Amino acid sequence: MGKKVAIVGFGQTYQRSSRRDVNGVELINEAVTAALADADITIKDIDAVVIGNMDHFEGINYVDMWSVEGAGAVMKPIIKVTTGGTTGMTVAMSAYYHVASGMFDRVLAIGWEKNSESDTTGAIITAFHPVWERPNLGGAIAGLAVEASKYMDNYGVTERDGARVAVRERLHALNNPYAHLHQEWMKGMEVDKLVELLVTSEQNQMLAYPLRMSDMCPRTDGAAAVVFASEGVAEKTASKLAWVAATANRHDFVFLGDIDWDFNQTMGDAAKKVFAKAGIKDPLKEIDLCELYLPYSYGGLKWMENMGFCGPGEGPRLLWDKITDMDGELPVNPSGGVMSSNPIGATALLRVGEAAWQIMRKSGPRQVQKNVNYALATGFGGCSWADVMLLSSKKPA
Amino acid sequence: MTEQKQEKELLAISSGDAAQPFRWSVGKHGSKFLAELRDNKKLFGVKCPKCGRVYVPPRMVCGRCWAQMDEFVPVKDTGEIVVCTIVQFSFVDPNTGIQRPVPYGYAFVKLDGADTAIPHFLDSTDPDKVKVGARVKAVFEEKRTGSLMDIKHFAVL
Ligand SMILES: [Zn+2]
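Heads up: these notes are all about the structure in this document.

The rules behind these values
Residues numbered from 1 in each chain as written. Chains lettered and ligands numbered in written order. Predicted model: local features only at pLDDT ≥ 70, side-chain atom pairs only at ≥ 80, totals over all residues. Heavy atoms only, no water. Contact = heavy atoms within 4.5 Å. Buried area = accessible area lost by both parts, 1.4 Å probe. Salt bridge = Lys/Arg side-chain N within 4 Å of Asp/Glu carboxyl O. Polar contact = N/O pair within 3.5 Å; in protein donor to acceptor, adjacent residues only side chain to side chain. Helix = DSSP H or I, 4+ residues; strand = E, 2+ residues; numbered from the N terminus. Donors = N, O, S within 2.8 Å, 3.2 Å for Na, K, Ca; no water. Tetrahedral: all angles 85-135°; square planar, octahedral: opposite > 155°, others 65-115°. Buried < 20%, exposed > 50% of the residue type's maximum accessible area, 1.4 Å probe, protein only. Pairing = 2+ DSSP bridges. Axes fitted to C-alpha atoms, helices over the stretch in contact; angles between N-to-C directions. Parallel < 35°, antiparallel > 145°, perpendicular 65-115°, else oblique. Nonpolar A, V, L, I, M, F, W, Y, C, P; charged D, E, K, R; others polar. 1 Å grid on protein atoms, 1.4 Å probe; cavity = no way out; pocket = protein on both sides within 12 Å on 5 of 7 lines; lining within 4 Å. Points joined across faces, edges and corners; volume = space filled by probe spheres on them. Core = buried A, V, L, I, M, F, W, Y, C linked by side-chain atoms within 4.5 Å. Expected span 1.5 Å × (residues − 1). Bend = angle between axes of the 7 residues up to and from the residue. Phe/Tyr/Trp six-rings, centres within 6.5 Å; stacked < 30°, edge-to-face > 60°.

Okay, the interface of chain A and chain B next. Interfaces are frequently sized by the accessible area removed from exposure as the parts join. Facing 36 residues of chain A, the contacting portion of chain B comprises 36 residues. Here chain A packs against chain B, burying approximately 3300 Å² in sum over the two surfaces, 66% of which is carbon and sulfur. Counting the surface chain A buries against chain B, the share from its top three residues, Arg20, Trp132 and Asn136 of chain A, is 25%. Our count for the chain A to chain B interface comes out at one salt bridge. For Arg59 of chain B, the salt bridge identified is with Asp258 of chain A, shortest N-O distance 2.5 Å. Inspection of the chain A/chain B interface yields ten residue pairs in polar contact (both at pLDDT 80 or more). Every element with two or more residues in the side of chain A that touches chain B is listed here: α6 (120-125), α7 (139-155) and β5 (206-208) of chain A.

Time to look at the coordination of the zinc ion. All names here are of chain B. Each protein donor to the zinc ion is listed here as Cys48 (SG), Cys51 (SG), Cys62 (SG) and Cys65 (SG); together their distances run 2.3 to 2.4 Å. Relative to the metal, the four donor atoms surrounding the zinc ion lie at angles of 104 to 114 degrees, and the coordination shape comes out tetrahedral. One chain supplies every donor for the zinc ion, spaced along it as C-x2-C-x10-C-x2-C. Of the residues examined, Cys62 reaches a relative accessible area of 0% and is grouped as buried.

This paragraph deals with the sheet that holds strand β2 (residues 54-55) of chain B. Residues and elements named next belong to chain B. Reading across the sheet, the three strands line up as β2-β1-β5 and stay open at both edges, with antiparallel pairing between neighbours. Looking at which strands have only one partner, the edges of the open sheet turn out to be β2 and β5 (71-75). Pairing between strand β1 (residues 43-47) and β2: two bridges, direction antiparallel. Each residue of the ladder has a partner; that of Val46, found in β2, is Tyr55. In the packing of helix α2 (residues 27-40) onto the sheet, contacts are made with β1 and β5, and the angle to β1 comes to roughly 155 degrees.

Another point: the packing of helix α5 (residues 87-100) of chain A against helix α15 (residues 344-360) of chain A. Residues and elements named next belong to chain A. Running from amino to carboxyl end, α5 crosses α15 at an angle of 55 degrees, the nearest separation of the two axes being 5 Å. Here α5 is positioned oblique relative to α15, judged by the angle of their axes. Of the residues in α15, those touching α5 at Thr87, Gly88, Met89, Val91 and Ala92 are Gly345, Ala348, Leu349 and Val352. Classifying every residue of the contact of α5 with α15 by side-chain character gives six nonpolar, three polar and no charged.

Before going further, it helps to examine empty space enclosed by the protein. Residue and element names in this part refer to chain A. Enumeration according to the criterion identifies three cavities of 30 Å³ or more in this entry. Space inside the largest cavity adds up to approximately 50 Å³. In terms of residue count, the dominant contributor to the lining of the largest cavity is α15 (three residues). Residue classes in the lining of the largest cavity are distributed as three nonpolar, six polar and two charged.

What follows covers the environment of His29 of chain B. Residues and elements named next belong to chain B. Tracing the backbone through its elements, the reader meets His29 in helix α2. Here His29 falls in the buried class, since its relative accessible area comes to 7%. Through-space distance from the C-alpha of His29 to that of Gly45 is 9.1 Å; in sequence the pair is 16 residues apart. Those residues in contact with His29, other than ones at most four positions away along the chain, are Val46, Pro58, Arg59, Met60, Met69, Asp70 and Phe72.

The next point concerns the sheet that holds strand β1 (residues 5-12) of chain A. Residue and element names in this part refer to chain A. An order of β3-β2-β4-β7-β1-β8-β11-β10-β9 is seen for the nine strands of this open sheet, with the pairing classed as mixed. Strands at the two margins of the open sheet, each flanked by one partner only, are β3 (78-80) and β9 (289-291). Averaged over all neighbouring strand pairs, the angle between strand axes comes to 25 degrees, with direction disregarded. Lying over the sheet, helix α11 (residues 265-278) contacts β8 (242-250), β10 (374-381) and β11 (385-392), oriented at roughly 145 degrees with respect to β8.

For Glu26 of chain A, the location among the structural elements is in helix α1 (residues 24-39). Separated by 212 residues in the primary sequence, Glu26 of chain A and Ala238 of chain A have C-alpha atoms spaced 26 Å apart.

The next thing to look at is the layout of surface pockets. The calculated volume of the largest pocket comes to roughly 1600 Å³. Lining the largest pocket are 45 residues; nearest its centre among them are His56, Glu58, Gly59 and Ser118 of chain A together with Ser15 of chain B. Of all elements in the fold, only α1, α2 (55-58), β4 (106-114) and α6 of chain A reach the threshold of two or more residues within the lining of the largest pocket. The leading source of residues in the lining of the largest pocket is α2 of chain A, at four residues.

Inside soluble globular proteins, nonpolar side chains tend to come together where they are buried. All names here are of chain A. One finds Phe228, Phe309, Val352, Leu376 and Met389 to be the most contacted residues of the largest nonpolar core, which totals 112 residues. Residue contributions to this core peak at eleven residues, all from α15. The contacts of Val352, once residues within four sequence positions are left out, are Ile7, Met89, Ala92, Phe228, Ala377, Met389 and Leu391. Counting residues in each nonpolar core, the second largest holds 30 residues, with Ile51, Val63, Ala73 and Ile110 among its members.

This paragraph deals with the pairing of β8 of chain A. Residue and element names in this part refer to chain A. Within β8, seven of the nine residues are buried, leaving the element largely enclosed by the surrounding structure. Sheet analysis places β1 next to β8, joined by two bridges and oriented antiparallel. Within β8, the position partnered with Ile7 by the bridge is Ala242. As judged from the seven bridges shared by β8 and β11, these two strands associate in the antiparallel manner. The partner of Arg250 across the bridge, within β11, is Ala386.

All names here are of chain A. Taking 1.5 Å of rise per residue, 17 residues should cover 24 Å, and α15 covers 25 Å from first to last C-alpha, within 8% of that figure. Approximately 25 degrees is the largest bend angle found in α15, and it occurs at Leu350. Summarising burial for α15: 17 of the 17 residues are buried, a large majority. Following α15 by one or two positions, Arg361 has its phi on the positive side, about 60 degrees.

All names here are of chain A. Per the counting criterion, the structure on display carries 17 aromatic pairs over all chains. Ring centres of Tyr14 and Tyr178 lie 4.7 Å apart, and the angle between their planes is 20 degrees; this geometry places the pair in the stacked category. Pair noted here: Tyr14 is in the loop between β1 and α1 and Tyr178 is in the loop between α8 (159-173) and α9 (191-200), with a separation of 164 residues, a long-range link. Assessed through its relative accessible area of 19%, Tyr178 is described here as buried. Ring geometry for Trp66 and Trp112: centres 5.6 Å apart, planes at 85 degrees, overall edge-to-face.

See the structure below:
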């Protein structure tokens, strides 16, 4: 069944709206340097590299080729993997497969993006079918707004419920020095008051009903890197490890119009698969923490249901009962999540790194109090795809 | 040196007005759909011989059943809104290179007789009309070129 694999190091750049002071390669290099330092190894210890981003955003196609100096891949195997929003998780999965195969001891996964270099919505539209979808698609914002329309219609969910997710993510981000959005004005204010402000303030521009500015992720320049190591090597590399317990990904349809909008099938099925592999029967009780790819607020409601953390229509209850807050039973996105930093190709890899650091208890001010044995990280993208990775404090059986 | 000045001296190079035109094959099924739309204002789906799903836009393979589809079935120019929104933010439309005019109604419409939905513009930005489950009817362009945009938009009934 392959070798057991652990994460031994994680590094990221500060996530910012624009990093004019570095080009793509230099940005990548910052994250790689940080990850090597975190694992206390040098680039010589890396056997192979998997790198990814979404080509559309920078208009440059061969990052595996032109990044080799910054990525630390000179005269080493390097492979590019790009799967849209899930890219960051797919590079993690791919690095994991490399190591699990037994052919590589330490593999570096890199995700990055310079979203400041193009119009993000325009670039996202080019990921969809030119004949059947592009003529009238409204990028990620409109694509997610329509999902919310159905979810609200099905369960009587309100804009306040969406805003409560946004408040959680942004309050959490205040603890994360790396996060892009630091909404200091929120500090110390009551949750109810913040929710009220978000749904009534005219400054909070309506983008596509029901999504206001506060319901969406930002566009970010940033990079992340994670080092995966094989059993035997991992224990000698680092004292604190986060083991890969299981991973799964799912794609279903060709076109957005084919999707079952009532249920996120790919996310639900991928989560079910990793829970089954780890023997988890009651995810809400047995998972200790989540770093989820939630690009918009309503994902924090509907997708929680679809992954089996609660029943259909119960997402808002989980949220308002504070179960997913920092000190709740199941803290979700202590980092502030995607809605606080979104360097797209790096975004899902940040979920993996942040989840690993929570297990290793290296998260600084955003470290949760409780013990973290199982942490779930997810990626979401494209035509409703899902990549999921479950990390564990214990070496899997 | 002030931060502002520093920022100014960090250069970024514009791609200018560079454009890269493409020619996308739409295949046999896609061609039939677009030709019928262009010439006769008729809409067609393709039916899976195994699961019976009617796909619009038509395609060759039902991925669920791994079955080839060749049976064209007519679908109506009326249908129902599956999901929808009113887009209020503007962005560069990569098809035209210009800012998309806003606001506009946007929905995935399941045509009567089809099992999948197509994305399109609505004629309304009235939040009381643009609703899940609302009935709609296709409005065709006078001059049609063989594109999905030969449907100008869907009128909310
Ligand atoms: Zn079928």
